[in-house]
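Here's the letter readout for the chains.
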Amino acid sequence: MYIVYILHSESTSKYYTGQTDNLENRLKRHNSGLSLSTKSGKPWCLIYQIGFSTRSEAMNLEQKIKKRGAKRYLLDNNLIDVSEL
């Protein structure tokens, strides 16, 4: 199972989108500062995840979200409410 996920940083008000086959380990890496792209936003909170059976499906959605923007994707799909922003 491959998972596309969106994280949110309260400290920077930024979103991060990624995909992995081990979400628990990946979250630990993000929050321990081992990922350069998310080092400055610790702690990161998981706000969305969806599973796929193939990596190519997960990568396709990850790219779609990154192209659109995570916040916009979440709003467009009613996954977060404007009042939560």
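Notes on the structure in this doc start here. (Residues numbered from 1 in each chain as written. Predicted model: local features only at pLDDT ≥ 70, side-chain atom pairs only at ≥ 80, totals over all residues. Heavy atoms only, no water.)

What about the sheet that holds strand β3 (residues 44-52)?
Turning to step 1, where the next piece is worked out: Taken in spatial order, the three strands line up as β2-β1-β3 in an open sheet, and their pairing is antiparallel. The strands lining the two open edges of the sheet, one partner per strand, are β2 (14-20) and β3. Geometrically, the sheet is characterised by an average inter-axis angle of 20 degrees between neighbouring strands, direction not taken into account.
Turning to step 2, where the next piece is worked out: As defined by bridge partners, strand β1 (residues 2-9) adjoins β2 across seven bridges and the pair is classed as antiparallel. Across the sheet, residue L7 finds its bridge partner in β2, namely Y16.
Turning to step 3, where the next piece is worked out: Packed onto the sheet, helix α1 (residues 23-32) meets β1, β2 and β3 and runs at close to 30 degrees relative to β1.
Turning to step 4, where the next piece is worked out: The sheet strands contacting helix α2 (residues 55-68) are β1, β2 and β3, and the helix crosses β2 at an angle near 165 degrees. (Pairing = 2+ DSSP bridges. Helix = DSSP H or I, 4+ residues; strand = E, 2+ residues; numbered from the N terminus. Axes fitted to C-alpha atoms, helices over the stretch in contact; angles between N-to-C directions. Contact = heavy atoms within 4.5 Å.)

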